[in-house]
2 protein chains.
Amino acid sequence: MSQWPTGRLLGIASRLVEHAWFDALAELDLTHAGMIVLHLLAEAPDSQASLASRARVEAQTISRTIDRLEREGYVVRHEDPADRRRRLVERTPRGAEVFERTRHIEADLFPEVADLPALRAALLDIIGSSSGDRWTTED
Amino acid sequence: MSQWPTGRLLGIASRLVEHAWFDALAELDLTHAGMIVLHLLAEAPDSQASLASRARVEAQTISRTIDRLEREGYVVRHEDPADRRRRLVERTPRGAEVFERTRHIEADLFPEVADLPALRAALLDIIGSSSGDRWTTED
DNA sequence: GCCAAATGATCAGCCGGCTTACTAAATCGG
DNA sequence: CCGATTTAGTAAGCCGGCTGATCATTTGGC
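A short tour of the structure in this document, coming up. (Residues numbered from 1 in each chain as written. Chains lettered and ligands numbered in written order. Predicted model: local features only at pLDDT ≥ 70, side-chain atom pairs only at ≥ 80, totals over all residues. Heavy atoms only, no water.)

## Describing the packing of aromatic side chains
By the definition in use, this model includes zero aromatic pairs over all chains. The ring of tryptophan 4 of chain A carries arginine 8 of chain A above its face, with NZ or CZ at 5.0 Å from the centroid. (Phe/Tyr/Trp six-rings, centres within 6.5 Å; stacked < 30°, edge-to-face > 60°. Lys NZ or Arg CZ within 6 Å of the ring centre and 35° of its normal.)

## Details of the protein's contact with DNA strand C
As a matter of local geometry, DNA strand C sits amid 27 residues, with Thr31 and Arg68 of chain A together with Ala49, Ser63 and Arg87 of chain B nearest to it. A distance of 3.2 Å separates a base nitrogen of DNA strand C from a polar side-chain atom of glutamine 60 of chain B. Those elements giving two or more residues to the surface near DNA strand C turn out to be α4 (59-72) of chain A together with α1 (6-26), α3 (48-55) and α4 (59-71) of chain B. Sorting elements by how many residues they give to the surface near DNA strand C places α4 of chain A first, with five residues. The class makeup of the residues in the surface near DNA strand C is five nonpolar, eight polar and 14 charged. (Near = heavy atom within 4 Å. Polar contact = N/O pair within 3.5 Å; in protein donor to acceptor, adjacent residues only side chain to side chain. Helix = DSSP H or I, 4+ residues; strand = E, 2+ residues; numbered from the N terminus. Nonpolar A, V, L, I, M, F, W, Y, C, P; charged D, E, K, R; others polar.)

## Comments concerning the interface of chain A and chain B
At the junction of the two partners, chain A supplies 48 residues and chain B supplies 48 residues. Taken together, both faces of the contact between chain A and chain B bury some 4600 Å²; the carbon and sulfur share is 71%. Between chain A and chain B we count zero salt bridges in total. Those elements that provide at least two residues to the side of chain A that touches chain B are α1 (6-26), α2 (32-40), α3 (48-55) and α7 (116-130) of chain A. Its residues assigned to classes, the side of chain A that touches chain B shows 27 nonpolar, eleven polar and ten charged. (Contact = heavy atoms within 4.5 Å. Buried area = accessible area lost by both parts, 1.4 Å probe. Salt bridge = Lys/Arg side-chain N within 4 Å of Asp/Glu carboxyl O.)

## A few points about the sheet that holds strand β2 (residues 75-79) of chain B
Residues and elements named next belong to chain B. Here we have three strands laid out as an open sheet, ordered β1-β3-β2, and antiparallel in their pairing. The strands lining the two open edges of the sheet, one partner per strand, are β1 (46-47) and β2. The sheet contact formed by β2 and strand β3 (residues 87-91) spans five bridges and is antiparallel. When the bridges of β3 are listed, histidine 78 appears paired with leucine 88. (Pairing = 2+ DSSP bridges.)

## Structural notes on the protein's contact with DNA strand D
Gln48, Ala49 and Arg87 of chain A together with Thr31 and Arg68 of chain B are the nearest of the 27 residues found near DNA strand D. Histidine 19 of chain A places a side-chain nitrogen or oxygen 3.4 Å from a phosphate oxygen of DNA strand D. Residue arginine 85 of chain A places a side-chain N or O atom 3.1 Å away from a base oxygen belonging to DNA strand D. Elements represented by at least two residues in the surface near DNA strand D include exactly α1, α3 and α4 of chain A together with α4 of chain B.

## Section: the relation of the copies chain A and chain B
Overlaying chain A on chain B yields an RMSD of 0.0 Å, the required transformation being a rotation through 180 degrees with an accompanying axial translation of 0.0 Å. The operation mapping one copy onto its partner corresponds to a two-fold rotation axis. Using C-alpha coordinates, one finds that chain A approaches the rotation axis most closely at leucine 119 of chain A, a distance of 2.7 Å. (Least-squares fit on C-alpha atoms with pLDDT ≥ 70 in both.)

## So, helix α5 (residues 93-100) of chain A
Those residues of α5 of chain A not exposed but buried are Gly95, Val98 and Phe99 of chain A. Buried residues of α5 of chain A, seen end-on, are gathered within an arc of 100 degrees and therefore sit on one face of the element. (Buried < 20%, exposed > 50% of the residue type's maximum accessible area, 1.4 Å probe, protein only. Arc of directions from axis to C-beta.)

## Let's talk about the sheet that holds strand β3 (residues 87-91) of chain A
All names here are of chain A. Pairing is antiparallel in the open sheet, where three strands are placed in the order β1-β3-β2. Strands with a single pairing partner mark the edges of an open sheet, and in this sheet they are β1 (46-47) and β2 (75-79). Alignment of β1 against β3, held across two bridges, turns out to be antiparallel. By the bridge assignment, aspartate 46 is partnered in β3 with valine 89.

Below is the structure:
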């Protein structure tokens, strides 16, 4: 396996970590995708298109994720009076509360690696150079 | 984004790289999942359960991936006379040929990172410590 | 030898990526 | 001012993860 392409190692590592998250979040009626949205809404409500761009995901994907968050009562959608095409998404108190309860998880969960800063730097390199024309990088 | 949890960076980087693979493989009527299976079959035919374990994936996932490879004519399934529960999967000549044409892709496609060996080492760390009871690690 | 347990494969159904195609609303050009 | 273009959101449908359930076969204990 140590000879496998880096892209494949990346995919496998990602799925394994996400699976651990899934187990930890199940008791909160939350998924990994939902948690990302709750995180992005911490500061202020936002439109779905903006959320999609910030999460590096297509609009359709965000739409369904928000459907599920809404079903659980963690966010609400309401019309933007200034632009009736847009639907602003906002965390409910329950959504804010459940997100707070996820804060400790990463530390417990993420496995030990020899050089964590190097890993994070490499991942940011990849994201920076690959998300070129797909999402306007503003972060 | 540089403050985001490492698990999330891993997921985004993985999707971006996989998307680039997807584009490169589309003209070969092949997907990333299919390519992995063709790789695993390079040496010898194998059973589906073994392929699933080697790819760090559940049996059901492999089953559908092989369905599609079979539909494209890249592999064939045949019964194992020694154990009639098993179905041995084998690459066809077309499958071997199309896999050869993917060999050059990784080099063209994978983005530049500052410290590639550190990235690979970290990913192998994660895979090693996370795939504990999920797959018997033999590789 | 026979019945229980383990194993290999599949079906059904969920989630979360994606594309293509559509509607409604806002914006822009002439 | 009005038609064309752009933008926000959604529906439909595919792929690839996953779980839980089912069926056939093999293995193992008694």
